[in-house]
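The residues making up each chain are set out below.
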Amino acid sequence: MPLLEDTVGVEDLVLLEPLEEKSMLENLQLRYENKEIYTYIGNVIISVNPYQQLPIYGPEFIAKYQNYTFYELKPHIYALANMAYQSLRDQDRDQCIVITGESGSGKTEASKLVMSYVAAVCGKGEQVNLVKEQLLQSNPVLEAFGNAKTIRNNNSSRFGKYMDIEFDFKGSPLGGVITNYLLEKSRVVKQLQGERNFHIFYQLLAGADAQLLKALKLEQDISCYTYLNPEVSRIGGMDDASNFRAVQRAMTVIGFSEEEIRQVLEVTALVLKLGNVEMTDEFQANGIPASGIRNGKGIQEIGEMVGLNSEELERALCSRTMETAKEKVVTVLNVIQAQYARDALAKNIYNRLFNWIVNRINESIKVGTGEKKKVMGVLDIYGFEILEDNSFEQFVINYCNEKLQQVFIELTLKEEQEEYKREGIAWTKVDYFDNGIICNLIEHNQRGILAMLDEECLRPGVVSDSTFLAKLNQLFSKHSHYESKVTQNAQRQYDHTMGLSCFRICHYAGKVTYNVAGFIDKNNDLLFRDLSQVMWKARHPLLHSLFPEGNPKEASLKRPLTAGAQFKSSVAILMKNLYSKNPNYIRCIKPNEHQQRGQFSSELVVVQTRYLGLLENVRVRRAGYAFRQGYKPFLERYRLLSPCTWPYWNGGDREGVEKVLGELSISSEELAYGKTKLFIKSPKTLFYLEEKRHLRLQQLAILIQKVYRGWRCRTHYQLMRKSQILISAWFRGNKQKKHYGKMKASALLIQAFVRGWKARKNYRRYFRSGATLTLANFIYRSIAQKFLLGLRNNLPSTNVLDNRWPAAPYSCFNTANRELQQIFRQWKCKKFRDQLSPKQVQTLKEKLCASELFKGKKASYPQSVPVPFRGDYVGLQGNPKLQKLQGRDEGPVLMAETVKKVNRGNGKTSARILLLTKGHVIITDTKKFQAQTIIGLDSVAEVSVSSLQDGLFSLHLNEITSVGSKGDILLISDHVVELLTKMYQAVLDATQRQLSVTVTEKFSVRFKDKSVAVKVIQGPVGGGKNKLICKKKGSHLEVTVQ
Ligand SMILES: Nc1ncnc2c1ncn2[C@@H]1O[C@H](COP(=O)(O)OP(=O)(O)OP(=O)(O)O)[C@@H](O)[C@H]1O
Ligand SMILES: [Mg+2]
């Protein structure tokens, strides 16, 4: 946010064109309406009270102003505070910030902003933070006791305040000292309509809890107290109760002990209660009017609270002891005098309490004497006052302002002059109004108004305000800044605004008419000794300490300093203090009388600008040079105007500035080159420079845009180009790689062909055609020979069961080797068969037949294989009876065996002998060997046998045969495989028929004309060896094999 850009009106009145009161007002108004409340005159700030919270304060803004120099950002109190703090810290110059303006113009707010800014930017740390907190917290305490609502300001400071903040060499705050000036104590006992007493009274009544109120013997109701104006007990936007708590907190932070806080509140309560002490008329015996106290309760409570004898207090309020060196005279006071004494006491107590609080704060924030300090003073003092009825207070206030104006003029001009001197610039003195004459009129030690007042107060004899006025009239009859009815009459002027008891002073800020009524009294500011003595006697430690002069041992008959003299000396100290420091001014202006936001009353403002001497200030500033700036920052700002200095400049700052300004052909009268700064005479030149700079900035912006766009396009293009090159490189590389691969493959092929061709050619050269075949045949034959001979020598044994055979040494012999193995095996078998006898052949045939019939079907077959078929198991040779049974022409018995016949009726078994001949099956009993059943083999249609281990079988007979017979026969044989094999062969031999042998678990048997279903079941294994249990149930026969 650089200078003169985005500005509303003119930010620095030095640059105002034309420089007139009207344009200045318009400029202030324009800026105010745009919420720009701050305007500069050089380094002086004008602040117009916005009467609203603007969003221009707080940490962000503090941070912003901390990083910029004075003119770089919009005018702001922060900029001024920053400049003051930085020059204090970096250049070791003590600073003072003088804040002036009318009541309600924003002085106190401005001082708080300065303090908060300094607190925010100065060092940090536990100790430093405590000091900062104490300094900041002094504000709410002093505001509670020293501020009040007035018609002009709801939070009007009723005292002047100067605060020295002390820093160490690093710029961290160490502590401070507060000086207070002239508290408006008359407010304690009386307020104008629409105004309030000091805030603390209302805060105490609203914020204290019942317990505290009781302890202080107070009622919460404001209307109970004569000193409190009941019309305005509350102020909008101000919460007395919570402010009371804030004040208590602040006092604790500052370091007040609980006891001290309690005592302060007790004394405050005492003042309130004193107001309620009512005086009544009483008459002495001699008829002289006297006074007394109407209701003793109030005064008694006061006595109890602060440890006072209430009778003594009553006496002190209603009488007065006059003491001279020789005697003591007691006079009674009438009601008016007693009331006056009471009010004087109340005012005095409060005033002293306030002073005590300020001293107590100072005690907490004071800095050890040993440390080297830098000081920043902040002066928030009442502004110039022109009321309808101006009294002693206005007189001293305006005197103070007159002095401040003197400091302002002297320091501003002095500073300006010194700067020109420092910089070696020729300087002609500028005439300005020197208010020294007015200051003299008031403060001259022998012939000043204050001196006259003191003289009148001390003078023996009849003294009154009118004798004082007469004295002034006599002394200042010819003074150009003094007027009164008398001087006007002498000059034959008629002025109805001038009262008889008035005098008028032409202050720098305007004419003010003062009424002398009360001047003597107020200047004397005497508290009857009786009262101070009673107060001193109080057991209350704080109250006691407030009245040290009440101590009879220390009582002196010497008069204390008058109020005027005290004020004059404190103003003198203040002035000395200010002169020793670098001043920074904040000129506060009140835009309207109604505390309203957005209202700008030109009439009101013009009066203030006049008495603040703003126009004069601008003129003084412009009489020399309107603008000045160090060479370095100036060059930094304007070097872009010359191609010699932009963008690079290697020379010195001053040469650079000369180069720039030389090229712009600015008249040499407009410029002055100081040692470190450039001075510009008129604002026009600065505007011209600014305009040039503005244009140049636009050009540069366009240039930057152009270069940037060019750069962007170029880099984009370069990127694209790079990418394109990369892509094409990859593509070409790939293409070449593929091409190369093809060429390589072709080359290899050609090479192979050529090499092959070459080899063949060479080969052909060395061998006859066909040698290969011969060679191959030879090699083959020799390998085959080797194989066959090897086989001959390694032949396996001739055992038919030995199936071993050597493997072929080359895979080409595999087929031949298998053939040879086959041939060898067949040969081996033939040889084995040839040596067998016919009987063995027959036996093997039977075994083969058995295998065909039962292998893989019947469980008992494997056991039958190694056992030779014997045929005769009953000893036929030794049994002629059985031999007889065989038919003569049927040859030998093929099979004779004892079998079990299953009974058809009940399934029980009985032993029989079975003979198988070539044509019949004969079944006999086992004892007599008589044939019971003879069955021709041609009658046997089918045989069923179980698949299990058992020997059960059934002979199924042809039906024709079975007519008359009993049907199929169910037998159990131990050699069932042999028996059935032999029967099969016998049937085949006898009938050329293949007997059907069915291996099954279920078959049916015909008995006579009934059919019985036989089911063979495998019982639990291990019950016995092939034992059969036959159970017949109806037409079912269940045979369990165990
Ligand atoms: N910068 C500001 N921003 C917002 N409001 C402000 C500002 N300055 C002043 N005010 C308002 O104006 C009121 C009066 O200001 P302030 O008390 O500082 O005046 P003053 O000059 O100290 O008056 P007095 O001489 O009576 O003490 C404040 O209470 C506040 O409401
Ligand atoms: Mg104030």
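Rules behind the numbers
- The residue numbering used here restarts from 1 in each chain and proceeds along that chain's sequence as written.
- Each chain takes a letter, starting from A, and each ligand takes a number, starting from 1, following the order in which they are written.
- Local features in this predicted model are restricted to residues of pLDDT 70 or higher, and side-chain atom pairs are both shown and tallied only at a pLDDT of 80 or more, whereas totals for entire chains, interfaces and linings draw on every residue.
- Water and hydrogen atoms were dropped before computing side-chain values, which therefore reflect all heavy atoms in the structure.
- Comment: elements are numbered from the N terminus, with helices defined as DSSP H or I runs of at least four residues and strands as E runs of at least two.
- The size measure is the radius of gyration over C-alpha atoms, and the globule rule it meets is 2.2 Å times the number of residues to the 0.38 power.
- Exposure classes here rest on a 1.4 Å probe applied to the protein chains alone. A residue is buried below 20% of its type maximum, exposed above 50%, and partly exposed in between.
- Contacts: residue pairs with any heavy atoms within 4.5 Å of one another.
- In this tally Asp and Glu are treated as negative and Lys and Arg as positive; neither His nor the chain ends contributes.
- A single reference atom marks each charge: NZ on Lys, CZ on Arg, CG on Asp, CD on Glu.
- Throughout this document, a residue counts as near a molecule or strand when at least one of its heavy atoms sits within 4 Å of that molecule or strand.
- In protein, a polar contact requires one atom able to donate a hydrogen and another able to accept it; more generally it is a pair of N or O atoms within 3.5 Å, and residues adjacent in sequence count only if both atoms are side-chain atoms.
- Side-chain classes follow a simple rule in which Ala, Val, Leu, Ile, Met, Phe, Trp, Tyr, Cys and Pro form the nonpolar group, Asp, Glu, Lys and Arg form the charged group, and the remainder, Gly included, forms the polar group.
- Water is absent from the atoms considered, so a metal site may look incomplete; donors are defined as N, O and S atoms within 2.8 Å of the metal, or 3.2 Å for Na, K and Ca.
- A fitted line through C-alpha atoms represents every axis, and for helices the fit uses only the stretch in contact; the resulting angles, taken between N-to-C directions, go from 0 to 180 degrees.
- Here is the rule for angles: anything less than 35 degrees is roughly parallel, anything more than 145 is roughly antiparallel, 65 through 115 is roughly perpendicular, and the remaining ranges are oblique.
- Two cysteine sulfurs form what is called a disulfide whenever their separation falls within 2.5 Å.
- Note: two strands are recorded as paired if DSSP finds a minimum of 2 bridges between them.
- Two rings from Phe, Tyr or Trp (for Trp, the six-membered ring) form a pair when their centres sit within 6.5 Å of each other. Planes less than 30 degrees apart are called stacked, planes more than 60 degrees apart edge-to-face, and all others tilted.
- Any Lys NZ or Arg CZ found within 6 Å of a ring centre and within 35 degrees of that ring's normal is scored as a charge over the ring.
- Expected helix span is given by 1.5 Å per residue-to-residue step, counting one fewer step than there are residues.
- Like-charged residues within 9 Å of one another, or nonpolar side chains (Val, Leu, Ile, Met, Phe, Trp, Tyr) within 5 Å, are grouped into patches, provided each residue has over 30% relative accessible area and no salt bridge.
- Throughout, the Shrake-Rupley method with a 1.4 Å probe supplies accessible areas, and for residues the shown protein chains are the sole cover considered.
- The salt bridge definition used is simple: a Lys or Arg side-chain nitrogen within 4 Å of an Asp or Glu carboxyl oxygen.
- The directions from the helix axis to the C-beta atoms are what the arc is built from.
- Take the far helix as your reference; a near helix turned counterclockwise from it by less than a right angle gives a left-handed crossing, and one turned clockwise gives a right-handed crossing.

1. Looking at the overall build of the protein chain
- Along the protein chain, the regular secondary structure elements total 33 helices and 31 strands.
- Expected size for 1042 residues packed as a compact globule is a radius of gyration near 31 Å; at 71 Å, the protein chain overshoots this value by more than 25%.
- Taking the principal axes of the C-alpha coordinates as reference, the protein chain spans close to 205 × 105 × 50 Å.
- Here the protein chain holds 1042 residues, and 49% of them are scored as buried.
- Of the contacts formed within the protein chain by residues at least 6 apart in sequence, a portion of 65% connects residues at least 24 apart.
- For the protein chain, the separation between the mean place of its 144 positive charges and that of its 107 negative charges on side chains is 24 Å.

2. Some points on the site of ligand 1
- With respect to spatial proximity, 18 residues lie near ligand 1, and among them Ser103, Lys107, Thr108, Ser156 and Ser157 are the closest.
- Between ligand 1 and Tyr57, the relevant distance is 3.1 Å, taken from a nitrogen atom to a side-chain nitrogen or oxygen of the residue.
- Gly104 places a polar main-chain atom, nitrogen or oxygen, 2.7 Å from an oxygen atom of ligand 1.
- Elements represented by at least two residues in the shell around ligand 1 include exactly α4 (107-121) and β5 (156-157).
- When residues in the shell around ligand 1 are grouped by element, the largest group, 3 residues, is from α4.
- A per-class count over the shell around ligand 1 returns 3 nonpolar, 12 polar and 3 charged.

3. A short note on the coordination of the magnesium ion (ligand 2)
- Bound to the magnesium ion (ligand 2) are the protein donor atoms Thr108 (OG1) and Ser157 (OG), situated 1.9 to 2.0 Å from the metal. Of this pair, Thr108 sits in helix α4 while Ser157 is found in strand β5, placing the two residues 49 residues apart along the sequence. As far as the burial class goes, Thr108 and Ser157 line up, both buried.

4. Observations regarding the packing of helix α2 (residues 59-66) against α4
- Direction vectors running N to C along α2 and α4 enclose 70°, while the axes themselves pass 10 Å from each other. Between α2 and α4, the angle falls in the class roughly perpendicular. Counted together, Ile62, Tyr65 and Gln66 of α2 and Ser116, Tyr117, Ala120 and Val121 of α4 form the full contact between these two elements.
- Split by residue class, the contact of α2 with α4 holds 5 nonpolar, 2 polar and no charged.

5. Some thoughts on the state of the cysteines
- With the rule as written, the count across this model stands at 0 disulfides.
- Cysteine Cys502 shares no disulfide, and the gap to the nearest cysteine sulfur, in Cys506, comes to 14 Å.
- Residue Cys502 is classed as buried on the basis of its relative accessible area, which comes to 11%.
- Left unpaired, Cys588 is separated from the closest cysteine sulfur, that of Cys96, by 15 Å.

6. Notes on the sheet that holds strand β20 (residues 895-902)
- With mixed pairing, the 8 strands of this open sheet are ordered in space as β23-β22-β21-β20-β26-β25-β24-β27. Each edge of the open sheet carries a strand with a single partner, namely β23 (931-936) and β27 (996-999). Each strand axis lies, on average, 30° off the axis of its neighbour in the sheet, ignoring direction.

7. A closer look at unusual backbone geometry
- In this model, Glu17 is joined to Pro18 through a cis peptide bond whose omega is -10°.
- By the element assignment, Pro18 lies in the segment before α1 (21-33).
- Of note, the amide linkage connecting Trp646 to Pro647 takes the cis form, showing an omega dihedral of 0°.
- Relative to the helices and strands, Pro647 resides in the loop between α24 (631-638) and α25 (653-663).
- One non-glycine residue, Arg492, lies in positive phi territory at about 60°.
- Turning to its location among the elements, Arg492 is positioned in the loop between α17 (485-490) and β14 (502-507).
- Using a relative accessible area of 75% as the deciding quantity, one classes Arg492 as exposed.

8. A closer look at the packing of aromatic side chains
- Counted under the stated rule, the structure contains 30 aromatic pairs.
- Taking 5.8 Å as the distance between ring centres and 40° as the angle between the ring planes, the aromatic pair formed by Tyr780 and Phe813 counts as tilted. You can see Tyr780 sitting in helix α27 (residues 771-793) and its partner Phe813 sitting in the loop between α27 and α28 (814-834), a full 33 residues away along the chain.
- The class for Tyr780 is partly exposed, based on a relative accessible area of 42%.
- Among the aromatic residues, those joined into a ring-pair cluster are Phe392, Phe395, Phe468, Phe476, Tyr482, Phe503, Tyr514 and Phe519.
- The ring of Tyr202 carries the charged tip of Arg196 above its face, separated from the ring centre by 3.9 Å.
- In this structure, Arg360 packs its charged tip against the face of Phe256, placed 5.1 Å from the ring centre.

9. What to know about the pairing of strand β2 (residues 44-48)
- Across the 5 residues of β2, 5 count as buried, placing the element largely inside the fold.
- Both faces of β2 are covered, namely the face carrying Val44, Ile46 and Val48 and the face carrying Ile45 and Ser47.
- In terms of strand pairing, strand β1 (residues 38-41) meets β2 through 4 bridges, oriented antiparallel. Bridged to Tyr40 within β2 is Ile45.
- Joining the antiparallel neighbours β1 and β2 is a turn of 2 residues, in which Gly42 adopts a positive phi near 60°.
- Bridge count for β2 against strand β16 (residues 582-589) is 4 bridges, and the pairing is parallel. In the sheet register, Val48 faces β16, and the bridge partner there is Ile589.

10. Observations regarding α4
- With 15 residues, α4 ought to run about 21 Å at 1.5 Å a step, and its terminal C-alpha atoms sit 21 Å apart, in line with that.
- Regarding α4, the residues found buried are Lys107, Thr108, Ala110, Ser111, Leu113, Val114, Met115, Tyr117, Val118, Ala119 and Val121.

11. Considerations on a nonpolar patch on the surface
- Together, Leu749, Ile750, Phe753, Val754 and Trp757 make up an exposed nonpolar region whose accessible area comes to about 540 Å².
- When you line up the elements, Val754 lands in helix α26 (residues 683-766).

12. Thoughts on α24
- Restricting attention to buried positions, one finds in α24 the residues Tyr631, Phe634, Leu635, Arg637 and Tyr638. End-on view of α24: buried residues confined to an arc of 165°, all on one side of the axis. For α24, the exposed residues lying more than 90 degrees away from the buried face are Lys632 and Glu636.

13. With respect to the sheet that holds strand β13 (residues 482-484)
- Strand order across the open sheet formed by 3 strands is β13-β14-β15, with antiparallel pairing between neighbours. In this open sheet, the two edge strands, each paired with only one partner strand, are β13 and β15 (510-515). Strand-to-strand twist across the sheet, computed as the mean angle between neighbouring axes with direction ignored, equals 25°.
- On top of the sheet, helix α14 (residues 436-443) reaches β13 and β14; it is set at about 150° to β14, its chief contact.
- The sheet contacts of helix α16 (residues 465-475) involve β13 and β14, and relative to β13 the element is tilted by about 130°.

14. A word on a positive patch on the surface
- A cluster of basic residues, Arg755, Lys758, Lys761 and Arg765, forms a positive patch at the surface.
- Examined against the element boundaries, Arg755 turns out to sit in helix α26.

15. Looking at the side chain of Lys858
- Relative to the helices and strands, Lys858 resides in the loop between α29 (838-854) and α30 (861-864).
- Within the local environment of Lys858, its side chain forms a polar contact with the backbone oxygen of Asp950, the two atoms lying 2.8 Å apart.
- With sequence-adjacent residues up to four places away left out, Lys858 is seen in contact with Val945, Ser946, Ser947, Leu948, Gln949, Asp950, Val976 and Val999.

16. Concerning the packing of helix α3 (residues 77-91) against α4
- One way to put it is that α3 packs onto α4 with a least axis distance of 9 Å and a crossing angle of 55°. Of the possible angle classes, the one that applies to α3 and α4 is oblique. With respect to the hand of their crossing, α3 and α4 are arranged in right-handed fashion. Touching Ile77, Tyr78, Ala81, Asn82 and Tyr85 of α3 are Ala110, Leu113, Val114, Tyr117, Val118 and Val121, all from α4.
- Across the contact of α3 with α4, the residue classes break down as 10 nonpolar, 1 polar and no charged.

17. Comments concerning the side chain of Glu166
- Along the chain, Glu166 turns up in strand β6 (residues 160-167).
- Buried and unpaired, Glu166 has no salt bridge, with Lys373 as the nearest side chain of opposite charge at 4.1 Å.

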